[in-house]
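# What the coordinates show
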2 protein chains.
Amino acid sequence: MANFKLTRDLQIQAQTKIIHLVMDGLGGLPRAEDGKTELEAAHTPNLDALAGRSQLGLAVPVAPGITPGSGPAHLSLFGYDPLEYDIGRGVLEALGIGFDLQPEDVAARGNFCTVDEEGRITDRRAGRIPTEFNEKLVVLLRDIKVPGVQTFVEPVKEYRFVLVLRPTEGQTLYANIADTDPQKLGVPPLPAEPQDEASKATAELVNGWIAAAREILKDHHPANSLNLRGLAKDPGLPKFGEVFGLRAAAIATYPMYKGVAKLIGMDVLPVAGEDVEDEVEALRGHWADYDYFFFHVKKTDSAGEDGDFDRKAAVIEHVDEAVVPALLQMEPDVLIVTGDHSTPSALKSHSWHPVPTLLWSHYCRPDGALGAGGAEFGERACGRGSLGVFPATDEMALALGHALRLTKYGA
Amino acid sequence: MANFKLTRDLQIQAQTKIIHLVMDGLGGLPRAEDGKTELEAAHTPNLDALAGRSQLGLAVPVAPGITPGSGPAHLSLFGYDPLEYDIGRGVLEALGIGFDLQPEDVAARGNFCTVDEEGRITDRRAGRIPTEFNEKLVVLLRDIKVPGVQTFVEPVKEYRFVLVLRPTEGQTLYANIADTDPQKLGVPPLPAEPQDEASKATAELVNGWIAAAREILKDHHPANSLNLRGLAKDPGLPKFGEVFGLRAAAIATYPMYKGVAKLIGMDVLPVAGEDVEDEVEALRGHWADYDYFFFHVKKTDSAGEDGDFDRKAAVIEHVDEAVVPALLQMEPDVLIVTGDHSTPSALKSHSWHPVPTLLWSHYCRPDGALGAGGAEFGERACGRGSLGVFPATDEMALALGHALRLTKYGA
């Protein structure tokens, strides 16, 4: 907050450009054979050379010891304290499948589940039904009519789907409604309970939809019932362009990241394919139009989630070769290379470890200079860097400072 | 606040003495030829030897990426969060010229400006008139009478002056009054608009003064009108002596720094001349009388503002030779060497870069020990130091701890 107040009050016009290169899940853990992390083991001559001209540090996405989801981790990189700004799960789930969510929509994450003859839950995930089965059920659920409201039902994966309610008649929907999932077995689902007066009418519509859905599902064991969780609307986050004074573009190939960027008002650039080379082309094609580029690389995280150390290192090597020189060739004024969180292949999941981060600008004080040792971009090098261990939410203000886009505070 | 609560509750009496040596604008940026900053390039055998027995770190004056003015930067060093405690511009401007501001005074920064025949501003700085012209106009403005209020008008530089209103008849003045400067051309100045009920009467007096002043100025093109900005009173900051339990003295040669120190209740020691040697003499002469000495060196900043790398390095070398050994000879218990902010000669201005800081005490854990390499006081050495990257507002509590002036928190 205070931070937005400063960046709002102090922002000045400039011609400078900032690139935020985010390798998803970049941070890792050492492998047994030589004690190197994925990033340290990767052969990255371009990043290492850049590190020698940059400041290094370790970014904390949410708080020490806390493992972030992708939504909070990206909000943090964009300067939004994820403990203050909350994107509801329903909204994140909708963004994650590329659903074109509108500001007045209410979105929920749906889970198919199994109930017994008394309606008590026996499997909260319906035996993890195949996605194909999910897709067939979703088609059936699309027939449910809710008075005055347009509904969308979209499959996600296995037992997960998304429900979106869109008001059609000038009415407003409210989403302060509790989950129906009791989070335990042997009891029936809960009703969708409104948590405030305003949400009462919407909760009734939701409960009507649920009743109709359960009627349709009852013969489709093991997916013979469902729960809704995380009912939410677009949280109306402050707009990135306004709080930082930047024309901002997002370059990403996965829906979730495009969705979060869109929520805060970034333009999402079209990318011709799935490869980082396509993303580089998208940046090159719009270089003149924006001040700030969020450049997202997904495959580091996927490899980490798969527990594939070598593949993660290989993705980093590919970024080093195919992305880093191309970005430098654009002559940005500030280049930050980081991740949204760590995804060590040793853990096969997101983790709480702070994220190796490199900040280069014309006005940085390179850590690698003056005999501080061979330059390298890696977790341990970053642990000795002059950015220290710092909140990831500081990255945007640092970038603005280095881009000469903030005037003096006080006289 | 939390910080003051701790230092208020835990402070204990002791005989220990703290020196806070502040080289204004100390932090710099590397020069091209050898990648060294001003501080790194300076030959500083005394500071380097001291660094070997000290802890090092990088102090953040306001927030990451934020460039501080001198007022906020000094408040921060004195332990006052500059985002919480605000000294208005009018007050800072008055302090900057050494005006003896009283707690009930209202001070404003004045700018002479040029207006056309319809009263619309055509130059907000009146063509940057010479200071001598300013001084003549100020003499004319001193004739304006404001009922029940004593007025002071003092020239600053070029188009800038200070107006101070001092209540004389037991009345109270309030300064929540908007600037008259519309910050653009082609429109007339704004009235001095009160922002709350209490400030209404004062705003009327101010507007009366402005009308009379414009009548006097109308034939003095290009300074044929004026604006007032930053109307403010002494913000009534908590007193340094009380929040830290220290008898505190300020040693400085420039009015602004003496003024800020005075605002928080420090005694401002007389200094016989403009040189650091004079400041050392002032400290020596009052060594027995105080527990804490703020020792300010101005010329590092001036050289940085002038973009003169070599002169800035030379000032640092002079401090190393003429100040550091003399201070050590006094046998302080704690010596902190730092700056209020960075003023890299490469930028010719204040900057956001964190400030190299050295803390020596009998009870510090020297970074230079254990083969950490040749000791040096410089930005990069501080970037590897055990104080880390820390808020400058922490320095006072650290100093008190190292001076054995705080008792245990809790049992």
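All values reported here derive from a predicted model rather than from experimental measurement.

On to the nonpolar core. Of all hydrophobic cores here, the largest spans 245 residues; its most connected members are Leu21(A), Ile251(A), Leu21(B) and Ile251(B). Once residues lying within four places of it in the same chain are set aside, the contact partners of Ile251(A) are Leu269(A), Val271(A), Glu279(A), Ala282(A), Leu283(A), Phe293(A), Phe294(A), Phe295(A) and His296(A).

Let us now look at the sheet that holds strand 9 (residues 267–268) of chain B. Pairing in this open sheet of eight strands is mixed, and the strands run 9-8-10-1-11-12-2-13 (chain B) from one edge to the other. Two strands close off the open sheet at either side, each with one partner strand: strand 9 and strand 13 (388–391) of chain B.

On to the packing of helix 5 (residues 89–96) of chain B against helix 9 (residues 255–263) of chain B, then. Residue and element names in this part refer to chain B. For the pair helix 5 and helix 9, interaxial distance at closest approach is 7 Å and the crossing angle is 120 degrees. Looking at the two axes, helix 5 sits oblique to helix 9. Taken together, the residues of helix 9 that come into contact with helix 5 (itself represented by Leu-92, Leu-95 and Gly-96) are Pro-255, Met-256, Gly-259 and Val-260. Split into classes, the residues belonging to the contact of helix 5 with helix 9 amount to five nonpolar, two polar and no charged.

Turning to the relation of the copies chain A and chain B, a few remarks are in order. One copy of the chain maps onto the second through a rotation about an axis and a displacement along it. When chain A is fitted to chain B, the residual RMSD is 0.2 Å, and the transformation amounts to a turn of 125 degrees plus an axial shift of 0.0 Å. Read as a symmetry element, the transformation amounts to a three-fold axis.

The next thing to look at is the interface of chain A and chain B. Interface extent is often summarised as the accessible area lost during association of the parts. Facing 24 residues of chain A, the contacting portion of chain B comprises 30 residues. At the level of elements, helix 1 (2–10), strand 13 (388–391) and helix 15 (395–402) of chain A are the ones that each hand at least two residues to the side of chain A that touches chain B. Considering each element in turn, the side of chain A that touches chain B owes the most residues, four residues, to helix 15 of chain A. When grouped by side-chain class, the residues that make up the side of chain A that touches chain B number 14 nonpolar, five polar and five charged.

What follows covers the sheet that holds strand 10 (residues 292–297) of chain A. The eight strands lie next to each other as 9-8-10-1-11-12-2-13 (chain A), forming an open sheet whose pairing is mixed. Two strands in the sheet have a free side with no partner beyond their single neighbour: strand 9 (267–268) and strand 13 of chain A.

All names here are of chain B. Burial of the side chains of strand 8 (residues 248–251) extends over both faces: Ala-248 and Ala-250 are buried on one face and Ala-249 and Ile-251 on the other. In terms of strand pairing, strand 8 meets strand 9 through two bridges, oriented parallel. By the bridge assignment, Ala-250 is partnered in strand 9 with Val-268. The parallel pair strand 8 and strand 9 is bridged by helix 9, and the resulting crossover is right-handed.

All names here are of chain A. In terms of domain boundaries, chain A breaks down into domain 1 (2–86 + 238–402) and domain 2 (92–232). A straight line from the C-alpha centre of domain 1 to that of domain 2 covers 35 Å. Tallying contributions element by element places helix 9 (residues 255–263) first for the side of domain 1 that touches domain 2, with four residues. Taken together, the residues that form the side of domain 1 that touches domain 2 break down as three nonpolar, two polar and no charged.

Reading the values: the criteria
Residues numbered from 1 in each chain as written. Chains lettered and ligands numbered in written order. Predicted model: local features only at pLDDT ≥ 70, side-chain atom pairs only at ≥ 80, totals over all residues. Core = buried A, V, L, I, M, F, W, Y, C linked by C-beta atoms within 7 Å. Buried ≥ 20, exposed ≤ 12 C-beta atoms within 10 Å, placed from the backbone. Contact = placed C-beta atoms within 7 Å. Pairing = 2+ DSSP bridges. Helix = DSSP H or I, 4+ residues; strand = E, 2+ residues; numbered from the N terminus. Axes fitted to C-alpha atoms, helices over the stretch in contact; angles between N-to-C directions. Parallel < 35°, antiparallel > 145°, perpendicular 65-115°, else oblique. Nonpolar A, V, L, I, M, F, W, Y, C, P; charged D, E, K, R; others polar. Least-squares fit on C-alpha atoms with pLDDT ≥ 70 in both. Right-handed = clockwise from strand over helix to strand, strands pointing away. Domains from an automatic or database assignment.

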